[in-house]
Each structure stands twice: as structure tokens, then as C-alpha cells.
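Listed below are the residues making up each chain.
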Amino acid sequence: MKTILVPVKMVLDSNARPRVRTDESGIDLSGMRMSINPFCEIAVEEALRLKEAGLAEEVVVVSIGPAKAQETLRQALAMGADRATLIEIDETVEPLAVAKLLRAVVGEEQPDLVLLGKQAIDDDCNQTGQMLAALLGWPQATFASAVRFEDGRLLVTREIDAGLQRLSLPLPAVVTTDLRLNEPRHCALPNIMKARKKPLKIGAPADYGVDIGRRLKILAVRPPAGRKSGIRVATASELVGDLRAAGIV
Amino acid sequence: MPSYKAPVEDMMFVLKDVLGAGQVFAEIPAYVEIDTDVVGNVLEEAGRFCAEILQPLNMSGDAEGCRLEDGVVRTPKGFAEAYAAFSDAGWGGLSASPEHGGQGLPRTVQILVDEMLSAANLSFGLFPGLTRGAYEAIEAHGDETLKALYLPKMIAGTWTGAMALTEGGAGSDLGLLKATAAPRGDGSYTVTGSKIFISSGDHDMAENVIHLVLARLPGAPAGTRGISLFLCPKFLPDRDGAPGVRNAISVGALEHKMGIHAQPTCVMNYDGCQGWLVGEEHRGLAAMFTMMNAERLFVGVQGLGVADASYQTAATYARERLQGRATDGAGTAPIIAHPDVRRMLLSMLSFIEAGRALSLFTALEMDKEKFHPDPEIRRVSGGLVALLTPVIKAALTDFGFEAAVLGQQVLGGHGYIREWGQEQFVRDARIAMIYEGTNGIQAQDLVVRKLPLDGGRPVRMFLGLIRETVEQAEGVAEAAALRVAVGEALAHLELVTARLIDGDLAGSGERNAAATDYLRLFALVAFGWLWLRMTLTVVTMGENADAHARRKIAVGRFFAGRVLPQAGALARQIGAGSAALMGLDAGDF
């Protein structure tokens, strides 16, 4: 393989406590701690391992998000990625628009493999990889828990309900990563310093000729209701009676 | 189970917004490539390493401790692997000079990583901390051969360092030490003596241990002016610089301690081992003292780090633990609803954030002192560093220990049992008040040596900076109460300072008696000043200040109302003079 393209997303840090905006339009991200989406981090790690095994020449990372997402890209560069592109936009971009932007980046970079997280932990959409594969007409393997590259084909193990499924894909292909694929590395200090000097290109959605207009309407975002206190029942028949009364049985 | 998250946002707020470190770095040629973004990246990753790799070993390391087996020290399970990962990632060379393989980052960044290390695992943090102290001493005073042989390995963490100063009969007064060194005629020396309390004296985490040993040459003058510094490696490097023959250095015993159980504090015997002189003959103590400011800053932030770790657990616990009813509501409340629990948490938090700001202010002055192109700025910064070093070492470890006790108290019985880790913080924090010069010695240093330094210019300069901020705060509504409180406390400090420099408390007995209370008063005023600066910064940021930054206004108000008034009481205590201490005959104790 020559190039592996890894799209990465900046998300609210998993340790941060999300605050819902008072107008119920979404989560208030101002001043919140942001991080690389864990599934994306796994994708970067896997791409680097393929490169370090001599199976790919370069790893290119791309992100679509606000200017702050440069830090997410810098982290991927510190892990070992070679170059980065940020498509800068402040608004939330829907999965289909993300997939279309990525298709345009694929056209530019001509990668042999697009390796990306199966979903982002903020909206849990789990759509981008699949949509991208469909737009490109490439084979896809989602939820990868193991990836091997042999004789010009990718061998991908997926975790499915019935057990493990093994797929063999020709290149180019789209692979999305599951949580157990690998454990991402800690960045070494010299690599963090070097990452500042690696190329990071910044563009806008318009540069890629993609319409990112919203197709979905968010009605309201509300925090989950607090847990109600329970009641204590004396007998089993009382419990059954209460469950009947509540229409559960 | 305790967990730790490095407070990178708070650190960056002080560094970038309050102190404007980006501007300072830009003025320093050695740091032109260091912007605050890269500092943020480094801190994030260091925080991740500390939280994910070092913190999980903190309680297990404490429970297991170190063992001495057949003359070799074994560190607790997981420590050697963690140390290898730490060194492989290059963390040991963070602020070391690029000439010998370091990354050349500012002291300011080093001190923040030191805080994280101390919070996550104090016992572990001492290994790289002491190695740094040793390689900085070799770099400053060693000859080119020693530097070429030892610096790259120590900066890479392949070899670690140990500082062998204290002996059974020579602690705070090193002039009494008895270890000897005799020339061998080949440029090296035979070093003989026994040293106690040697941190990282021996272990199984790296392939060599480099001891810096203080000893006397034949015919050396008595006292501190007859002490020389020797480099004694555990294994003598062979022709290729690899560890070769075992030197005559042995571990006499492991000290049995109250805390930092995972840190091998050794009794070391130097049984006629081979060593090399570092620096000039009889100038060993002076050579060690050039490292002292940095080392003492490091020890100060150990108190700070442990306090923050304890705070994080206490705050989490207080939000979740349901006990008692809130004063204004019905139903069982989380204990954080109770004002007395708030008092404990806020006492901790208001110390931690101001203590961090003071250590960063000083570290930034150290960076200027070392690298700023303007000699006048270097001189002024040097004065401030000298003045503030004993304050940081003593105040941050005293308040840090007190904070750890409060963090234990918040958890009640659960703070006393081991499960939550709070009692370990109390035990671990205690040592920082004692080693690297006891806090009593620090207070003497402040009053006897640092106040009169350079004709009193550094202290006048520092108090002037505080006065300036108080004036700046005039008319700022959010800072009104804090401004008044800092102004009052500063007036007490100015008065007592004048009495100590050339007034009724200037005699040596009076200075000695006043020192500890004076250092505490000094620290409280400095903390108040930094709360005022943090508050003004948030106010200036206006709309750009997020909720996390805005909460500092409330913490600053707590400090103004509930902590700073102690300044008045301390000033009165000091005013009572030595008579109250010396009234009892020694025989009557």
C-alpha cells in the first residue's frame, strides 16, 4: 500500500460531563475538554502499525471540524502520522456530508485504504464509513477487531453476534475499527515536538465542492431523566398487581 | 478507588492567561520554537501517561514496598516496566539540554510535569527527579569527559542518579560530614564513607546508578568549605561506555519509612569505591547549591501534587456520598451540600491553585534567569528566584500536607482505611516537609539570607509587584473583597519584613524565632496576590472566560474571606518575639 487515509474526529472528552444547551438545540461545547474520538485513535494506531510493518508508505490524517480540531490532528501526527488536512467548519456536519467530503479527499490523496473509527462517541452515528464505501463503490469491512494485509488483500476479522466473521477484501477498501482492534500508544515526547513541524493543510468545505447543507432536523436534545426512587412491596402478589396496574404484564 | 486527572486547563490558564508565558518564551532565543500550544500538547500527553501508567501503580507500590534481596534492591511490581516506558517516551529529558539528547523545554513545563508525577506516584517521580538533579550538577560542574560519558545516558534515563549528602552525624549541618576521598594518582579518587537517606540509592529499574557523593579530600579545611563532590557509578563504564566492573558500593539497608514505600531510600556504603571529582576541590557544596533552587522547587510541587490528588478524590467522594440533610432542603444530601465540607474542599482548592501559580511564576523567573538575553532581567529574575525558593519549598509542602489531611477528613472513616488511598497521601506528603532542607531550615534561609540579599532589593521588588496588582484591582467589582484582604495582609507583611530586616526583630535570636511564622505569612500574601491576578485575568477575559475559568472568582473570594485573615494573627504571633520561646530553661523540657 502507498497511502492510508485516516479520518479523525474531535469529540467531547469521555471524562467531561456534558451540559445540554438551555434552548435544547444540542450540547454546549464552549470551554469543554475535547479529545480525539477513541475509535479514531484506534484507527490511527492501526494505520501506523501497518506502516511500521512495512506494509504502507505513509499515513495521512484528515479532520472535519473547528479550528481547535488542529490539536486533534497534531495528536495523530505526534503518534506518527505523516501529514494532516483540516477541513475547517464550525457547524456540526452530518454523516452524509462528511462522507462526501471524505470522498473528495480520497480523490485528492488516492489512498489504498481508508481506515476510520466505526462511530464517534458524541453522536454515535455509525454511518460515515459505510456511506463513504458506498459513495466510492469500494468494498468495506466494518467493526474490525483484527486487520492483516497479505498477498495484496486485506483480511479483516469482525465481531458479530454469532462470533467472529472473517472477510477478505481487495484494495482499495474502507475499514472501520472496533474497540478491541488495538490499544493506542502513548506519544513519545520527541514525537510531540516533531509533530509541530509536520505539514498540516487547512481548507474549507467549499474547496471540495461539497454541499454540506443539513438534511436532518434536530427537534430537541434533553438530558436523560433522573432516576426515580423505587417502592418496596411486601408480597409477590402485590408486585404482580402493581406491574399489571402499570400495564407491564 | 482513587483516580487522577492532570488539571491541564488550570495549568494552561495560569501559564498562558495569567503569566503570559508565551510572550516570555518569545523573548528567549532558546525557546523561540516553544509556543503555548506545544506546551499544551506536551502537558496533555504527560497527564495521560501519569494517569494511565503511573497512578495505577501508586497504591500497589505502597502496599508492596521495596525489598533488599542479597544486597540488591527490588522495586515493586510494575515499576521497572513503567520506568522503561517513561524513559522510552523521552520524559526524563524534557528540560535537559538538546546538546546531550534532551528536549530543551522550559523549567516552567518541567515543573508542571513534576506536579503530575508527584500527584500520580510520588515514589516513582523521585527517580527521574533525582536523576535530573544529578545530571544538572554534572552538566554545570563536570569536565568534558564526565559530561560526554554520563549525560546522554542519564538524560535518556538509561542510568539514574542519586544524591549522597546526608550522614548519620551530618544532616542539616553538612559541615560535619566525615566521608573521605583520596587521589589514586590516575585522576580518579577512592571514596569511603557511609551515607543515609539516599533516595533511589539502588534499584532494578535501570542498568546503572550514578551517585554524587560529598566527601573530604586529605587536608581539607574543616566545615562546609572543605567538602568536594564525587561522581561514583555503581558499575564502572568500560571502554565503550557500557556498564562494566561493579564498583565498591553497597546497600547497607533500606530505610523503614512512614511513606513513599515504593521509593528505595537506602543506607549506602562507599567502601573505597572509585570516583571522579565534579567541579573544584573543596567547592562541592557550592556545586550542589547551584542545583538547589531547582531541586527545592521540585520538592515544593511534590506537596502541591499530592494535595491535588487528594483533592480530586475528596471532591468526587463529597459529590457522591449521601449523609445528613442539606441546611435548606429535605431528604438526604450529598456531603458537599454541607458548609463545613465546602470549607475543607475550598481550603484545599484555594491552596492548590495559588500554590501552582506561585511555582509557575518562580519557574518562569528561573527560565528568564538562565536564558534571557538581557543581563539586567537575568539579575532581577535571579533575585526573585532566590527569594521565593525557600517559600515554595516550605509553604507548598506545609500547606500540601495540611490539604492531604483535609482530603482524608472529608472521607471520614473511609479516609483512614486504605481503600480510597487518602491515608497514603498523608503519609507520602509528610516527607516533602523534611527532606531537601527541613522547612525550618527553609524559613531560616528566607529570613536570615534572602531578606537582606542584594540590599533587600528582591523582597522590595516582590512586595512592590503585589502592591501594583492591588492598585490595578481598584474599581473592579468582582475583585473588591479580595483586593481589600490582600491589601491588609500585605500591610502586615511589609511591617514585619521591615522589623526583621533592620528593626526590633533583626537580631539573630529574633529572626530565628520569627522565621517559620514569617514564611507562612509571606506565602499567604503571595497566594492572595496570585488569586487577585487570577481574578483580574478572568474579569479581563470577559465573554471569553468559560465556566471553568469563572469559578476562580468564587474560590478567590473564599481565600479572601476565610484564609487571608490569618495573616493578621501571624503578624501578632511574630511580634510576640523570642521571649515567649526562650522563657523555659532547656532542662525544664
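Note that the structure is a prediction, hence the values are computed from the model and not measured.

Cut-offs used in this document
Residues numbered from 1 in each chain as written. Chains lettered and ligands numbered in written order. Predicted model: local features only at pLDDT ≥ 70, side-chain atom pairs only at ≥ 80, totals over all residues. Helix = DSSP H or I, 4+ residues; strand = E, 2+ residues; numbered from the N terminus. Rg over C-alpha atoms; globule rule 2.2 N^0.38 Å. Buried ≥ 20, exposed ≤ 12 C-beta atoms within 10 Å, placed from the backbone. Contact = placed C-beta atoms within 7 Å. UniProt positions renumbered as here; feature names shortened; annotations may be inferred. Pairing = 2+ DSSP bridges. Nonpolar A, V, L, I, M, F, W, Y, C, P; charged D, E, K, R; others polar. Axes fitted to C-alpha atoms, helices over the stretch in contact; angles between N-to-C directions. Parallel < 35°, antiparallel > 145°, perpendicular 65-115°, else oblique. Left-handed = near helix turned anticlockwise from the far one by under 90°. Expected span 1.5 Å × (residues − 1). Bend = angle between axes of the 7 residues up to and from the residue.

All right, on to the overall build of chain B then. The helix and strand tally for chain B stands at 19 helices and 13 strands. Taking 589 residues into account, the globule formula puts the C-alpha radius of gyration at 25 Å, and chain B, at 24 Å, falls close to it. Dimensions of chain B, computed from the C-alpha atoms along their principal axes, are close to 75 × 60 × 55 Å. Across the 589 residues of chain B, 54% fall into the buried class. The contacts in chain B between residues at least 6 apart in sequence include a share of 75% that link residues at least 24 apart.

When its secondary structure is counted, chain A shows 6 helices and 11 strands. Expressed along its principal axes, the backbone C-alpha trace of chain A runs to roughly 70 × 40 × 40 Å. The buried share among the 249 residues of chain A stands at 37%. Summarising the internal contacts of chain A: among those between residues at least 6 apart in sequence, 71% fall at separations of at least 24.

Once that is clear, we can look at the UniProt feature "domain: Acyl-CoA dehydrogenase/oxidase N-terminal" (unreviewed entry) in chain B. What UniProt calls "domain: Acyl-CoA dehydrogenase/oxidase N-terminal" (unreviewed entry) maps, in this numbering, to residues 80-157 of chain B. Split by type, residues 80-157 of chain B is 73% helix and 0% strand. Its first and last C-alpha atoms lie 12 Å apart.

Turning next to the pairing of strand β1 (residues 3-7) of chain A. Note on strand geometry: in a regular strand, side chains alternate between the two faces of the sheet. Residues and elements named next belong to chain A. Summarising burial for β1: 5 of the 5 residues are buried, a large majority. Every second residue of β1 is oriented toward a common face, with T3, L5 and P7 on one face and I4 and V6 on the other, all of them buried. As paired elements, β1 and strand β4 (residues 58-65) share 5 bridges and run parallel to each other. Directly across from P7, in β4, lies its bridge partner V62.

Let us look at the interface of chain A and chain B. When the parts come together, some accessible area is lost, and that loss is often what is quoted as the size of the interface. At the interface, 14 residues of chain A touch 17 residues of chain B. Where the side of chain A that touches chain B is concerned, the elements lending two or more residues are α2 (69-79) and α5 (189-195) of chain A. A per-element tally of the side of chain A that touches chain B places α5(A) first, with 4 residues. Taken together, the residues of the side of chain A that touches chain B sort by class into 7 nonpolar, 4 polar and 3 charged.

For the rest of this paragraph, the subject is the environment of S25(A). Relative to the assigned elements, S25(A) resides in the loop between β2 (10-12) and β3 (34-36). In sequence terms S25(A) and A225(A) are 200 residues apart; their C-alpha atoms lie 17 Å from each other.

With that settled, consider the packing of helix α15 (residues 480-502) of chain B against helix α18 (residues 566-575) of chain B. All names here are of chain B. For the pair α15 and α18, the least separation of the axes is 9 Å and the interaxial angle reads 20°. As the angle between them shows, α15 and α18 are arranged roughly parallel. As α15 runs across α18, the sense of the crossing is left-handed. For the pair formed by α15 and α18, the contact residues are A489, H492, L493, L495 and V496 on the first element and A567, G568, A571 and I574 on the second. Residues that form the contact of α15 with α18 fall into these classes: 7 nonpolar, 2 polar and no charged.

Residue and element names in this part refer to chain B. With respect to the helices, strands and loops of the structure, G440 is situated in helix α13 (residues 439-450). When the 16 C-beta atoms within 10 Å are taken as the criterion, G440 is described as partly exposed. Each C-alpha atom of the pair G440 and A394 lies 8.0 Å from the other, and the pair is 46 residues apart in sequence.

What follows is about the UniProt feature "domain: Electron transfer flavoprotein alpha/beta-subunit N-terminal" (unreviewed entry) in chain A. According to UniProt, the "domain: Electron transfer flavoprotein alpha/beta-subunit N-terminal" (unreviewed entry) feature falls on residues 24-212 of chain A. A distance of 22 Å separates the end C-alpha atoms of residues 24-212 of chain A, which is 30% helix and 31% strand.

Next up on the list: helix α16 (residues 508-541) of chain B. In an α-helix, one turn spans 3.6 residues; hence positions three or four apart end up facing the same way. All names here are of chain B. With 34 residues, α16 should reach 50 Å at 1.5 Å per residue; the first-to-last C-alpha distance of 47 Å fits that figure. Along its length, α16 shows its largest kink, about 50°, at A515. Burial analysis of α16 places 25 of its 34 residues in the buried class, the great majority of the element. Note on α16: the residue one or two positions beyond its end, G542, has a positive phi of about 55°.

Bringing the sheet that holds strand β10 (residues 173-177) of chain A into the picture now. Residues and elements named next belong to chain A. Strands sit in the order β9-β8-β7-β10-β6-β1-β4-β5-β11 across an open sheet of 9 strands; the sheet is mixed. On the outer flanks of this sheet lie β9 (163-170) and β11 (200-203), each paired with one strand and no other. Along the sheet, successive strands turn relative to each other by an average axial angle of 30°, direction set aside. Relative to β10, strand β6 (residues 113-117) runs parallel, the two being bridged by 5 bridges. Residue V114 lies in a different strand from β10, and its bridge partner there is V174. On top of the sheet, helix α1 (residues 38-52) reaches β1, β4, β6, β7 (140-150) and β10; it is set at about 145° to β6, its chief contact.

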